[in-house]
Amino acid sequence: KQWYQRRVAITAGITDVNGTVLSLPPVINGNHSKISLSTRNIFIEVTAKDRKKAGIVLDTICGAFSEYCTTPHTIEAVEIVQADGSTFSSPKMGSRIEEYDSAELCLKSGIKTATPEQLADLLTKMCLRASVAGEKLKVEIGPTRHDILHQCDVEEDIAIAYGYNNIPQVLPDLYTIAVEQDVNKLSDSVREELARCGFTEVLTFSLCSRDDVSVNLRIPEAVGGAVQISNPKTFEFQVVRTTLLPGMLKTASCNRNMPLPLKLFEVSDIVVKDTLTETGTKNYRYVCALFAGKTSGFEVVHGLLDRVMLMLDVKDYHIQQTSDPMFFPGRGADIILGTKKIGHLGILHPEVLEKFDVTLPCSVLEFNLDPFV
């Protein structure tokens with residue numbers, strides 16, 4: 001009882017003039033205020049964090065209830081006194097007048113032969129009172145049509161009232177031929193080639209944790225180049241991946257009971273920061289392949305690289321040793337196309353495998369596919 005009294009003391013409540021509690025938001029139902037078939041007076045209350053949204057809901061509910069009043073469409077407004085002493089009347093039930101060009105409405109709705117009078121009749125069917133003023137159409141948007149924001153919403157209502165199936169079908173004046181983007185076409189070709197080599201395609205999440213792209217790969221500073229989520233819901237989705245490797249290792253960890261060796265690949269996008277672009281970020285299409293078995297399988301991913309380059313008809317490439325900390329010392333290499341680094345391959349460091357709970361030695365190949373487009 002003491003706990004209940006303490007709770008009531010700090011709980012907002014709505015009472016009538018006699019002090020009877022009508023509701024304790026968010027609990028809004030009560031025996032005293034329930035509606036029955038004999039109810040004649042109804043008080044409608046809306047609680048929300050946004051006054052505009054609360055007004056929209058209140059206008060809509062009042063508009064629906066007012067149809068059944070003794071005098072149809074009559075509503076008694078309530079004066080609300082706020083904490084600072086200011087007052088305002090609610091509901092507003094306001095309407096606004098918008099003026100549109102009849103010819104433009106006809107053109108964009110697809111009903112080119114309709115007259116302004118016909119358009120006004122169609123809008124009346126959609127609960128929008130309209131009148132003709134020369135070549136213009138004056139439309140009164142009532143309190144129950146808060147969904148009407150722009151001219152295109154009026155055009156949509158005209159098309160609905162006219163009937164979509166009644167709008168004549170015409171060929172567009174401008175012909176466009178859809179073609180596959182070059183990078184997607186190339187990606188599909190690489191996928192087919194990797195599959196022919198005995199690798200299985202996986203599709204992993206685009207988001208991962210900060211540690212997955214930095215600390216877990218033994219590259220703590222890499223998180224600085226990642227696009228971070230401002231309000232992540234979980235620790236697993238904090239940044240957009242800058243490499244496909246974390247997803248591949250998580251897949252290998254979850255499939256440890258599958259027959260060995262595990263031969264996985266993914267062709268997908270990674271995202272990095274780029275101050276020269278409008279959005280401050282840039283996408284790159286990457287190819288990543290992973291071999292996990294009783295042996296490291298470095299020769300397998302090296303041979304896979306040569307096979308892909310042969311398929312792409314690329315000869316101006318080579319590999320050179322790297323000191324990348326994600327690889328076992330002396331067992332990692334950069335992939336050089338001409339004079340530019342486009343990727344790397346090697347045997348992953350045991351600490352990297354431990355971070356992702358992978359118990360098998362792994363070799364990985366990862367490179368950027370964009371230079372070949």
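Our subject is the structure listed above.
As a starting point, this report considers the structure included with it. Nothing here was measured: the structure is a model prediction, and the numbers come from that model.

Describing the sheet that holds strand β5 (residues 96-101)
Okay, step 1: Strand order in the open sheet made by the three strands is β5-β7-β6, with antiparallel pairing throughout. Both edges of this open sheet fall to β5 and β6 (129-133), since each of them pairs with a single strand only. Each strand axis lies, on average, 25° off the axis of its neighbour in the sheet, ignoring direction.
Okay, step 2: As paired elements, β5 and strand β7 (residues 136-141) share six bridges and run antiparallel to each other. Among the inter-strand pairings, E99 is bridged to a residue of β7, identified as K138.
Okay, step 3: Sheet contacts for helix α3 (residues 102-109): β5 and β7; angle to β5, the most-contacted strand, approximately 75°.
Okay, step 4: Its contacts with the sheet place helix α4 (residues 116-125) against β6 and β7, and it is angled at close to 170° to β6.

Brief notes about the side chain of H344
Okay, step 1: Note that H344 resides in strand β15 (residues 340-348).
Okay, step 2: Residue classification places H344 among the buried positions, given a relative accessible area of 12%.
Okay, step 3: Discounting chain neighbours no more than four positions away, the residues touching H344 are D324, M326, F327, A333, D334, I335, V364, L365 and E366.

With respect to the pattern of salt bridges
Okay, step 1: Summed over the entire model, instances satisfying the criterion amount to 18 salt bridges.
Okay, step 2: Here D269 and R285 are joined by a salt bridge, their closest N and O atoms 2.4 Å apart. Of this pair, D269 sits in strand β11 (residues 262-273) while R285 sits in strand β12 (residues 281-292), placing them 16 residues apart in sequence.
Okay, step 3: Assessed through its relative accessible area of 26%, D269 is described here as partly exposed.
Okay, step 4: A salt bridge links D334 to K341, with the shortest nitrogen-to-oxygen separation between them at 3.3 Å.
Okay, step 5: Look at D334 and you get buried, because its relative accessible area is 10%.
Okay, step 6: Each of the salt bridges in this network shares a partner with another, and the network as a whole consists of E192, E193, R196 and R307.

With respect to the sheet that holds β15
Okay, step 1: An order of β8-β11-β12-β16-β15-β14-β13 is seen for the seven strands of this open sheet, with the pairing classed as mixed. The open sheet has two edge strands with one neighbour each: β8 (200-201) and β13 (317-321).
Okay, step 2: Bridge analysis of β12 against strand β16 (residues 362-368) gives seven bridges, and the strand direction is antiparallel. Bridging from a neighbouring strand, L290 pairs with V364 of β16.
Okay, step 3: Sitting on the sheet, helix α6 (residues 182-196) touches β8, β11 and β12, and the angle it makes with β11 is about 155°.

Quick look at unusual backbone geometry
Okay, step 1: Note that the residue after S90, namely P91, is joined by a cis bond; omega there is 5°.
Okay, step 2: Looking at where P91 falls in the secondary structure, it is placed in the loop between β4 (87-90) and β5.
Okay, step 3: Following L260, the chain continues to P261 via a peptide bond in cis, the omega torsion being 0°.
Okay, step 4: You can see P261 is positioned in the loop between α7 (245-254) and β11.
Okay, step 5: Of note in the backbone geometry, M93 takes a positive phi value of approximately 50° without being a glycine.
Okay, step 6: Counting through the fold element by element, M93 comes out in the loop between β4 and β5.

The rules we used
Counting restarts for each chain: residues are numbered from 1 in the order of the written sequence. Whole-chain, interface and lining totals are the exception, using all residues; otherwise, since this is a predicted model, local features are given only for residues with pLDDT of at least 70 and side-chain atom pairs are given and counted only at 80 or more. Neither water nor hydrogens contribute to the side-chain values; these are computed over all heavy atoms in the structure. Should DSSP find at least two bridges between two strands, the strands are taken to pair. Where helices and strands are cited, they refer to DSSP runs of H or I of at least four residues and of E of at least two residues respectively, numbered from the N terminus. Note on geometry: axes are lines fitted to C-alpha atoms, helical ones only across the stretch in contact, with angles between N-to-C directions running from 0 to 180 degrees. Residues are treated as being in contact if the distance between any of their heavy atoms lies within 4.5 Å. For every residue, the accessible area obtained with a 1.4 Å probe (protein chains only) is divided by the maximum for its type, and the residue is called buried under 20%, exposed over 50%, and partly exposed between those limits. When a carboxyl oxygen of Asp or Glu lies within 4 Å of a side-chain nitrogen of Lys or Arg, that pair is called a salt bridge.

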